[in-house]
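A closer look at the structure
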Amino acid sequence: MTIPFSNPDRPNSYIGKTVPRPNAAKLVQGRGRYVDDIVLPRMLHVAFSRSPVAHAKIGEIDLDEAKAVKGVLRVFTGKDLTEVCTPWVAVLAHLKGLKSPPEHALAVDRACWVGEPVVAVVATTRAAAEEAASVVMVDYEDLPVVTETMTALDKDTPVIHPELGDNLAFRRLHEEGDVDAAFESAHKVVSASFRTARHTGVTLEPRSILVDWNPAEGQMTAYHATQAPHMMQTVLAKHLDIPESRVRVICGDVGGSYGIKVHVYPDEVATAAIAKVMGRPVKFIADRLESYTTDIHARDHEIEARIAVDADGKILAMDVDDWTGIGPYSVYPRTSAIEGNQVVNLCGGPYDFANYRAQTTVVFQNKTPTCQYRAVGHPIAVAITEGLVDMAAAAIGMDPVEIRRRNMYADDAYPVTSPAKMKFEGLSHHASMDKLIEMMDYDSLRADQAEARKQGKYRGIGIASFIELTNPSPFMYGIGGARISAQDGCTVRMDPDGSVVALSGVTEQGQGTEAMLSQVVAEGVGVKPSNVRVITGDTQVTPYGGGTWASRGAGIGGEAALQAARALRDSILEVAAAMLQAEASKLDIRDGQVVDADTGEERMPLEELGRIVYFRGDTLPKDLPRELVQTRHFITMEYPFAFTNGVQASYLEVDTDTGVVTLLKHWCVEDCGRVINPQLVDEQIRGGIVQGLGGALYEEIHYDEDGQLLNGSMADYLVPMAAEMPDMQVAHVETPTKESELGAKGAGEAGTAGAPAAVMNAINDALRPLGAQVTEMPFTPERILRALGKIDD
Amino acid sequence: MKASAGGYARAESVGHALDLLAGSDGQGRVLAGGQSLIAAMNMRLSVGDLLVDISKISELSGVIVSGGTLRIGALTRHAQVGASQVVRTHAPLLTDAVSHIAHAAIRNRGTMGGALAHADPAAEFPACALALGATMHSEGPEGARAIPAEDFFEEVFTTALKEDEILTSMTLPVAEEGEVQILEEVARRSGDYALVGLCLVKRASGHRVSLFSVGPKPILATVAMAALDAGDLEAAVDAVSSEIDPPSDTQASAAYRRHLAGVLLRRAVARLKGDTA
Ligand SMILES: Cc1cc2nc3c(=O)[nH]c(=O)nc-3n(C[C@H](O)[C@H](O)[C@H](O)COP(=O)(O)OP(=O)(O)OC[C@H]3O[C@@H](n4cnc5c(N)ncnc54)[C@H](O)[C@@H]3O)c2cc1C
């Protein structure tokens, strides 16, 4: 039996509705349990002495003063930890040519970025550990520092890792069709350079880990703010020489991740190693400065790109040369080549064109390592693509909406393979654009813009179509050799009181995964969502799975939950049929009651069935199966990724005297397939847009030429805040994926993917009459005034 | 990071606070609203301080007018300054300033005296004090002192206050009939310190212009003031840009700040003339 999703009045119709989040009250009342809330007997704290320089040979280390600080129990150097912890190399087989040197939990001979952990101090309090860390004396012998991306491969630039030969970590060239010929014969060619700033995720809860080694059991338990508990289980087991089965990773409440918490961090592995050596629980909670210097950074790209169009605005070709600097190490185990690779995969995404060339060049530098952060590569690819499309439209005098309509894949064109060789199962670019134009009332907005201009106000409208990669298959990491599960599982069980418990391998980071699971299971079994308890984030308890990343929770974890719930429903009905002497197919479960499927007449509450099965099983037929626990797994098979699509629009005003941009309104129409919970999806979109607006207007990590990070605090690194955020209107088109019964694709990154390009295009739309254009993010007041030629140095 | 304080004592009175400071061997540090000091301690930019908490000394708080002088106690919270009808009537510049300072939670705790004594070159109140021709009043082992605003702000985070002195209040002449007070600033986000800010006061005696976030301390733009008195806006705009020596930092370059100073002056003058620029 399949679920008639098109009927909103069907019984147990929780999928598709906004239901309350089961964990919201707990979090709002401060009753969440984050890693830092956990206190274990005999627990110690670790703090790190970190490299104050970007590149140096580590000489003498003097620990006497540190050891003398009251409360300090032990101090570890990199060499000490090499005895218990092996280094890692972050490469994957499918990213051909990717290289990276071995990275240690604590730097051994060399420090390669400001903030790299060098010495670990363990004390009875964090304050004592910090006090001692501040008096650790390390002789740093300066080595040449590489900070620039574009000159990293020049002959006279020092090589950071001489054993690797050069500073090139990875390069990939993709070519489709005859790009050069298309450019030569084109009606119009437009080129531009783009820059996206280095930024980071700024999670509310910083990175946190508490590790307990129990020598009696030979078991390590890590309480960890992570997106991928099973991946961490493997990593800790492998590098600390513990059988995988003897590592348990528990991930309770997590205060936001955005990709920051899906990577392996040297200080966290060091914490685990130290716990094993000392046989005592050890806690590490990053502070905000540590967050800025050691959480992964992202988006540090410089791009030269061009587009060729014919007189009708048809895109003939795109050519993209993308460069990114990733710091001194590729980050384990997902690698730091993925972002550049995504730029190659995603440029031109919404458009049906033939000739495409894109190259990404990924280089080493002495800055904080970069890796996957929300909407990996998308905001970059969308900015390049949509920036060029707008410029081409302006160059041939065409409306930006019209040029998109002429190039987007037709809604009935699917399945289709893009020139980047991405396979699209089913997208809705035109339906989404139509909905957007109607929602924003495009024509009256243009009229308002013209009216404002008469009064000397510069307003602009920016449109950005995009695709988003979700529901990844093993093609993302598994084929490269990473032990990162693309499959996910769910176990659903009915207890004697008729309530249901669901255990899932996907995790809750604050985004509402558990709410989504509760309503899917509720509908699948036939109980109220409030009667479903959800358990996630414990490798010893839940089915094995991948966790939260690449917008996979609902699409993969949700489908596993649905199938497990349906299986439990079937086994409940098999028992009910025996008890009621009815045919199982004539029965249904609604609101926790077994009912007659046709009439809806109540036959038996689930708690009665539970009572009989658990306490009076003797009264049931001997050979009747009574398996009230069911597990199902789900993995996508037909498509490497479930692409989604959408389109955003921004309306804003530029103050051409101060350069300040005021966001007036923002719209997004997106298609994530089946919308399981409208409110959760809308808030994912809004939150994602805010993060994208941060990239467009505020967020930028600054380094000086010595590789010193200049803005490592919330006062200096600006994140978007409520007062500057515009009203956002969100709507959906639903094209469910046929790979699953649920039909859900991901929605977690769409907002972030499209917002920066929409803002860029809107600013440039506002500035066009003044002959100015900006392409370097964030669009600070100063960059805007410089584009307007208003600043004399 | 965890703060590392050398000690803490709560002062019952100004005299008690002065005794505590005197007995602290140079390590004493006045704690008022804590909105700058605690943040600095939490980043270990300041360690080992013996904190002398003055926040419970009620005599240091409040707003009074008498005989053409407005007196604001050092401990008066930003939010109280902002809500005070007396301040709005006699020094509307300060009311305006409050709406630009930080966020509600910080304004509830931060004190005007703290902002003046902290002397952040990007802070609003010091520049307001300059534009309004205010006087700072302090108490110390040597007795009370009255320091004109122009002599009070010396360097980044440095004032004429001695280590063992406490700022007790600020006085200023109440706004005369027809006086106009205008504050213009540009910040990246609401509540952020200004990239550049400007105060313009127009009195019978002439214009007063002060700027903040344009150098190591807020300044009075005297050349620009004279130009405005002479009715020459263009000269005044040129003057503000050259009278300041703004820093370049991660938010903006010196050149941008110079440009902005001119823009803000134009806007302030336009408002003075009643245009809603
Ligand atoms: C996020 C954030 C944003 C902010 N934005 C702004 C802004 O936009 N504009 C702005 O102006 N300010 C801003 N502030 C600072 C805020 O206004 C502070 O409240 C103010 O600078 C200090 O006042 P306080 O009472 O908190 O002083 P404290 O933090 O207690 O003390 C600051 C310094 O002044 C000294 N001090 C305090 N009172 C006295 C006294 N009576 N006598 C002698 N010395 C004294 C202390 O010893 C210390 O050195 C911001 C603060 C934060 C945290």
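What counts and how
- Residues numbered from 1 in each chain as written.
- Chains lettered and ligands numbered in written order.
- Predicted model: local features only at pLDDT ≥ 70, side-chain atom pairs only at ≥ 80, totals over all residues.
- Heavy atoms only, no water.
- Helix = DSSP H or I, 4+ residues; strand = E, 2+ residues; numbered from the N terminus.
- Rg over C-alpha atoms; globule rule 2.2 N^0.38 Å.
- Buried < 20%, exposed > 50% of the residue type's maximum accessible area, 1.4 Å probe, protein only.
- Areas by Shrake-Rupley, 256 points an atom, 1.4 Å probe, with all protein chains shown as cover.
- Lys, Arg positive; Asp, Glu negative; His and termini not counted.
- Charge placed at Lys NZ, Arg CZ, Asp CG, Glu CD.
- Phe/Tyr/Trp six-rings, centres within 6.5 Å; stacked < 30°, edge-to-face > 60°.
- Contact = heavy atoms within 4.5 Å.
- Buried area = accessible area lost by both parts, 1.4 Å probe.
- Salt bridge = Lys/Arg side-chain N within 4 Å of Asp/Glu carboxyl O.
- Polar contact = N/O pair within 3.5 Å; in protein donor to acceptor, adjacent residues only side chain to side chain.
- Nonpolar A, V, L, I, M, F, W, Y, C, P; charged D, E, K, R; others polar.
- Domains from an automatic or database assignment.
- UniProt positions renumbered as here; feature names shortened; annotations may be inferred.
- Near = heavy atom within 4 Å.
- Pairing = 2+ DSSP bridges.
- Axes fitted to C-alpha atoms, helices over the stretch in contact; angles between N-to-C directions.
- Right-handed = clockwise from strand over helix to strand, strands pointing away.
- Parallel < 35°, antiparallel > 145°, perpendicular 65-115°, else oblique.
- Left-handed = near helix turned anticlockwise from the far one by under 90°.
- Disulfide = S-S within 2.5 Å.

In the annotation of an unreviewed UniProt entry, the entry for chain B reads Carbon-monoxide dehydrogenase medium subunit, and the organism field reads Jannaschia helgolandensis.

Looking at an unreviewed UniProt entry, one finds chain A named Xanthine dehydrogenase, molybdenum binding subunit apoprotein and attributed to Jannaschia helgolandensis.

A count of helices and strands for chain A gives 19 helices and 30 strands. The C-alpha radius of gyration of chain A comes to 28 Å, within 12% of the 28 Å expected for a compact globule of 793 residues. When its C-alpha atoms are laid out on the principal axes, chain A stretches across 90 × 70 × 45 Å. The buried share among the 793 residues of chain A stands at 65%. Accessible surface computed for chain A: about 27600 Å², of which carbon and sulfur atoms make up 49%. The positive charge centre, built from 74 side chains, and the negative charge centre, built from 109, are 4 Å apart in chain A.

Looking now at the packing of aromatic side chains. Describing an aromatic ring pair means giving the distance of the ring centres and the angle of the ring planes. In this structure the tally under the stated criterion is 10 aromatic pairs over all chains. Seen from their ring centres, Phe 641 of chain A and Phe 643 of chain A are 6.1 Å apart, and the 75° between their planes marks the pair as edge-to-face. For the residue pair Phe 641 of chain A and Phe 643 of chain A, the accessibility class agrees, reading buried in each case. For the pair Phe 152 of chain B and Phe 153 of chain B, a centre-to-centre distance of 5.0 Å together with 90° between the ring planes defines the contact as edge-to-face.

Attention now moves to the interface of chain A and chain B. Tallying the contact residues gives 34 residues for chain A and 21 residues for chain B. At the boundary of chain A with chain B, total buried surface from both sides reaches about 2200 Å², with 55% on carbon and sulfur atoms. Scanning the region where chain A abuts chain B turns up four salt bridges. Between Arg 44 of chain B and Glu 130 of chain A there is a salt bridge, with its nearest N and O atoms 3.5 Å apart. Our count for the chain A to chain B interface comes out at 16 residue pairs in polar contact (both at pLDDT 80 or more). Along the lines of polarity and charge, the residues of the side of chain A that touches chain B split into 15 nonpolar, six polar and 13 charged.

Moving on: the domain arrangement of chain A. All names here are of chain A. By domain assignment, chain A separates into domain 1 (24–32 + 487–634), domain 2 (35–143 + 206–254 + 260–294) and domain 3 (369–471 + 638–785). Just the C-alpha atoms count here: the centres of domain 1 and domain 2 sit 39 Å apart. The interface is formed by 21 residues belonging to domain 1 together with 19 residues belonging to domain 2. Carbon and sulfur atoms make up 41% of the surface buried where domain 1 meets domain 2, a total of about 1500 Å² over both sides. Counting the surface domain 1 buries against domain 2, the share from its top three residues, Gln 509, Thr 539 and Tyr 544, is 38%. At the surface where domain 1 touches domain 2, the tally comes to two salt bridges. The partner of Asp 253 in a salt bridge is Lys 26, with the nearest N and O atoms 3.1 Å apart. Remark: the boundary between domain 1 and domain 2 carries nine residue pairs in polar contact (both at pLDDT 80 or more). Of the residues in the side of domain 1 that touches domain 2, the class split is five nonpolar, 13 polar and three charged.

This brings us to the UniProt feature "domain: FAD-binding PCMH-type" (unreviewed entry) in chain B. Per the UniProt entry, the sites bearing "domain: FAD-binding PCMH-type" (unreviewed entry) are residues 1–177 of chain B in this numbering. Helix makes up 35% of residues 1–177 of chain B and strand 26%, with an end-to-end C-alpha separation of 51 Å.

We now examine the site of the ligand. Residues and elements named next belong to chain B. Neighbouring the ligand are 30 residues; Arg 29, Val 30, Gly 34, Thr 111 and Glu 124 lie closest to it. When the ligand is considered free in solution it has 960 Å² of accessible area, and contact with the protein chains removes 89% of it. Counting only elements with at least two residues in the shell around the ligand, the list comes to strand 2 (28–31), helix 7 (112–118) and strand 10 (166–173). Examining the composition of the shell around the ligand, we find that four residues originate from one element, helix 7, more than from any other.

Turning our eyes to something else, we now look at the sheet that holds strand 13 (residues 206–212) of chain B. Residues and elements named next belong to chain B. The antiparallel open sheet is built from four strands, whose spatial order is 11-12-13-14. Each having just a single partner strand, strand 11 (180–186) and strand 14 (219–220) make up the two edges of the open sheet. As paired elements, strand 11 and strand 12 (residues 196–203) share seven bridges and run antiparallel to each other. The residue of strand 12 that forms the bridge with Glu 185 is Gly 197. Against the sheet, helix 5 (residues 92–100) touches strand 11 and strand 12, its axis set at about 20° to strand 11.

What follows deals with the pairing of strand 3 (residues 50–53) of chain B. For a regular strand, side chains alternate in direction, first toward one face of the sheet and then toward the other. Residues and elements named next belong to chain B. Sheet topology note: the strand 1 (residues 7–10)/strand 3 ladder contains four bridges and is parallel. Along strand 3, the bridge assignment pairs Gly 7 with Leu 50. Sheet topology note: the strand 2/strand 3 ladder contains four bridges and is parallel. When the sheet's bridge partners are listed, Gly 28 is paired in strand 3 with Leu 50. Between strand 2 and its parallel partner strand 3, the chain crosses via helix 2 (residues 37–42), and the hand of that crossover is right-handed.

It is worth spelling out the sheet that holds strand 6 (residues 135–140) of chain B at this point. Residue and element names in this part refer to chain B. With respect to topology, five strands assemble into an open sheet ordered 4-5-10-6-7, the strand pairing being antiparallel. Where the open sheet ends on each side, the last strands, each with one partner, are strand 4 (63–66) and strand 7 (143–148). Here the average twist between neighbouring strands, direction ignored, is 25°. Bridge count for strand 4 against strand 5 (residues 69–73) is four bridges, and the pairing is antiparallel.

In this section: the packing of helix 10 (residues 378–396) of chain A against helix 11 (residues 400–407) of chain A. All names here are of chain A. As a packed pair, helix 10 and helix 11 sit with axes 9 Å apart at the nearest point and diverge in direction by 115°. Here helix 10 is positioned roughly perpendicular relative to helix 11, judged by the angle of their axes. Taken as a pair, helix 10 and helix 11 cross one another with a handedness that is right-handed. Between helix 10 and helix 11, the contacting residues are Glu 386, Val 389, Asp 390, Ala 392 and Ala 393 on the first element and Pro 400, Ile 403 and Arg 404 on the second. Of the residues assigned to the contact of helix 10 with helix 11, the class counts are five nonpolar, no polar and three charged.

Looking now at the packing of helix 10 of chain A against helix 18 (residues 750–767) of chain A. Residues and elements named next belong to chain A. Running from amino to carboxyl end, helix 10 crosses helix 18 at an angle of 35°, the nearest separation of the two axes being 8 Å. The interaxial crossing formed by helix 10 with helix 18 has right-handed handedness. Where helix 10 approaches helix 18, its residues His 378, Pro 379, Val 382, Ala 383, Glu 386, Gly 387 and Asp 390 are matched on the opposing element by Thr 752, Ala 753, Gly 754, Pro 756, Ala 757, Met 760 and Asn 761. Grouping the constituent residues of the contact of helix 10 with helix 18 by class yields seven nonpolar, five polar and two charged.

Moving on: the state of the cysteines. Residues and elements named next belong to chain A. This structure, assessed with the given rule, holds zero disulfides over all chains. Cysteine Cys 668 shares no disulfide, and the gap to the nearest cysteine sulfur, in Cys 672, comes to 9.9 Å. Exposure remark for Cys 668: the relative accessible area of 0% places this residue in the buried category. You can call Cys 672 buried: its relative accessible area is 2%.

Attention now goes to the pairing of strand 30 (residues 727–732) of chain A. Residues and elements named next belong to chain A. Bridging between strand 29 (residues 661–671) and strand 30 involves six bridges; their strand directions are parallel. The residue of strand 30 that forms the bridge with Lys 665 is Asp 727. A crossover connection joins strand 29 to the parallel strand 30 through helix 17 (residues 678–697); in handedness this β-α-β unit is right-handed.

A few words on the pattern of salt bridges. The full count for this structure, using the stated rule, is 61 salt bridges over all chains. Between Asp 166 of chain A and Lys 99 of chain A there is a salt bridge, with its nearest N and O atoms 2.6 Å apart. On the criterion of sequence distance, the pair formed by Asp 166 of chain A in the loop between strand 6 (137–142) and strand 7 (168–176) and Lys 99 of chain A in the loop between helix 3 (78–82) and strand 4 (110–111) is long-range, its members being 67 residues apart. Across the pair Arg 590 of chain A and Asp 588 of chain A runs a salt bridge whose closest N-O atoms are separated by 2.9 Å. Accessibility expressed as a relative area gives 23% for Arg 590 of chain A, which makes it partly exposed. Overall, the relative accessible area of 9% leaves Asp 588 of chain A in the buried class. Taken together, the shared-partner salt bridges in this structure form one network comprising Arg 50, Arg 126, Glu 130, Glu 131, Arg 207, Asp 267, Glu 268, Asp 287, Glu 290 and Asp 295 of chain A together with Arg 44 of chain B.

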